[in-house]
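Chains, contacts and geometry: an overview
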Amino acid sequence: MICYMFPGQGSQTKGMGEGLFDEFPEITKMADDILGYSIKKLCLENENLQLNNTQYTQPAIYVVNTLTYLKKLKQTKKKPDYVAGHSLGEYNALQVAGAFSFEAGLTLVKCRGELMAQAGEGAMAAILKMSKAQIRQCLDENGLSSIDIANYNGPAQIVISGLPADINRAKIFIENAGSVFIPLNTSGAFHSRYMEPIKAQFESFLEQFEFAELNIPVISNIDAQPYKNESIKTYLASQITHSVMWEQSMLYLLELGIDEFEEIGNGQVLSKLIASIKLQYSSTKKYSIKQTAQQSENIVDMPKNQIDNWNNHYPIGTPVKAKGYKKELQTRSNAMFILNNKAVIYLLGYKGYFPLNEISVIPSGK
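Residues numbered from 1 in each chain as written. Predicted model: local features only at pLDDT ≥ 70, side-chain atom pairs only at ≥ 80, totals over all residues. Heavy atoms only, no water.

**Remarks on the overall build of the protein chain**
- Of regular secondary structure, the protein chain possesses 13 helices and 14 strands.
- For a compact globule of 366 residues, the expected C-alpha radius of gyration is about 21 Å, and the protein chain comes in at 21 Å, within 12% of that figure.
- With the principal axes as the frame, the protein chain shows a C-alpha extent of 60 × 50 × 45 Å.
- A burial count over the protein chain gives 51% of its 366 residues as buried.
- Sequence-distant contacts, at least 24 apart, represent 72% of the contacts inside the protein chain between residues at least 6 apart.
- Just so you have it, the protein chain exposes about 16,800 Å², and 51% of that area is on carbon and sulfur atoms.
- Charged side chains of the protein chain number 35 positive and 36 negative; the gap between the two group centres comes to 5 Å. (Helix = DSSP H or I, 4+ residues; strand = E, 2+ residues; numbered from the N terminus. Rg over C-alpha atoms; globule rule 2.2 N^0.38 Å. Buried < 20%, exposed > 50% of the residue type's maximum accessible area, 1.4 Å probe, protein only. Contact = heavy atoms within 4.5 Å. Areas by Shrake-Rupley, 256 points an atom, 1.4 Å probe, with all protein chains shown as cover. Lys, Arg positive; Asp, Glu negative; His and termini not counted. Charge placed at Lys NZ, Arg CZ, Asp CG, Glu CD.)

Structure follows, in structure tokens:
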């Protein structure tokens, strides 16, 4: 089985899409009509460095991803078994899966890019070789709880997002902890609480759209699970403020047995990430298999029974308490397996997966 992965913002480079615009003139003209400018000229000439402006970046990536996919389809005559997209790239995944037309997708992306370009001051940085728990502890201990985790890209790459002054302050603490801190060239604090006003505006814009049944499973950035049709509008709006669960999405696909991943678009960003995720997954899997061999059959079955029992009794949105956290949290996904037989569930408020055996349901009325 194969999964096509569509890259998002950050994959843009001058010259991307060269040859594709002439190969698919009808789609290119359609894009020009919707955008009001030449997409070919933008991508190939990058006049005034517009490709790095979110307002132009997002439509450009969406169009180039689309044309790359059409060329691939033309060559192979085969559709993928699964699709996923990193943030913006998820629009391509949904379009390929039949949720909406190319035109509707580009109209959505155009609005999304324009709104995000208007976001207030913000900054982002990639942190290498540091776990989520270590990053969160480092930030909180130094008075930087105002910073959110924007992207879980891979086992050795997490992106943080927040106000410029806070991100600048975080640099010294992260580096003193022995990690690598790389400031990103972004115009806003994407995938963070600071995008709430943008999310609200985009939510209103989404109301005029209807979405068709998906014909290919699309793995969502929100909860690393396949999209449900009824959640498309909610998830596309929430995606603006929510962490991108890319590593978790890839782990989900690996657990399903997906053995081939192909990046469809410009660059090799996602190809490099899946390589590191696969490496970690393989080593963890080997350890899990060895460990499982020493357990009885009943013990091995426990996580599945635990997950089935939870999902049969508690819907998404259940209020819960988690070990080590005083505030009330809420489930944002069904219970699931991560890394072989570890039962976890995604918690809103914690913004990540939490061991299922370390949470308890809050009785109604309390």
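The discussion continues.
**Examining the sheet that holds strand S1 (residues 2-6)**
- Read from one edge of the open sheet, 4 strands run S7-S2-S1-S8, paired in parallel fashion. Either end of the sheet is taken by a strand with one partner, and the two such strands are strand S7 (218-219) and strand S8 (260-263).
- Along the sheet face, helix H5 (residues 89-96) touches S1, strand S2 (82-85) and S7 and points at about 155° away from the line of S2. (Pairing = 2+ DSSP bridges. Axes fitted to C-alpha atoms, helices over the stretch in contact; angles between N-to-C directions.)

**Brief notes about the packing of aromatic side chains**
- Counting across every chain of the model gives 9 aromatic pairs.
- By the ring-pair criterion, three or more aromatic residues cluster together here, those being Tyr4, Phe6 and Tyr69. (Phe/Tyr/Trp six-rings, centres within 6.5 Å; stacked < 30°, edge-to-face > 60°.)

**What to know about the sheet that holds strand S6 (residues 180-184)**
- Sheet architecture is open: 4 strands sit in the order S4-S5-S3-S6, paired in antiparallel fashion. One side of each edge strand has no neighbouring strand; the edge strands of this open sheet are strand S4 (148-154) and S6. Direction aside, neighbouring strands of the sheet carry axes that sit 25° apart on average.
- As judged from the 5 bridges shared by strand S3 (residues 123-128) and S6, these two strands associate in the antiparallel manner. Note on S6: the bridge partner recorded for isoleucine 127 is phenylalanine 181.

**Observations concerning the packing of helix H4 (residues 54-76) against helix H6 (residues 102-117)**
- Where H4 meets H6, the closest approach of the two axes is 7 Å, and the angle between their N-to-C directions is 155°. When the interaxial angle is binned, H4 and H6 end up roughly antiparallel. Along this stretch, H4 crosses H6, giving a crossing that reads as right-handed. The residues of H6 that touch H4, namely those facing Thr54, Gln55, Gln58, Pro59, Tyr62, Val63 and Thr66, are Phe102, Gly105, Leu106, Val109, Lys110, Arg112, Gly113, Glu114, Met116 and Ala117.
- Of the residues belonging to the contact of H4 with H6, the class tally is 8 nonpolar, 6 polar and 3 charged. (Parallel < 35°, antiparallel > 145°, perpendicular 65-115°, else oblique. Left-handed = near helix turned anticlockwise from the far one by under 90°. Nonpolar A, V, L, I, M, F, W, Y, C, P; charged D, E, K, R; others polar.)

**Let's talk about helix H11 (residues 246-256)**
- Burial of H11 is extensive: 9 of the 11 residues sit out of reach of the surface.
- Those residues of H11 that sit buried are Trp246, Glu247, Gln248, Ser249, Met250, Leu251, Tyr252, Leu253 and Leu254.
- Where H11 terminates, the next one or two residues include glycine 257, which has phi positive at roughly 95°.

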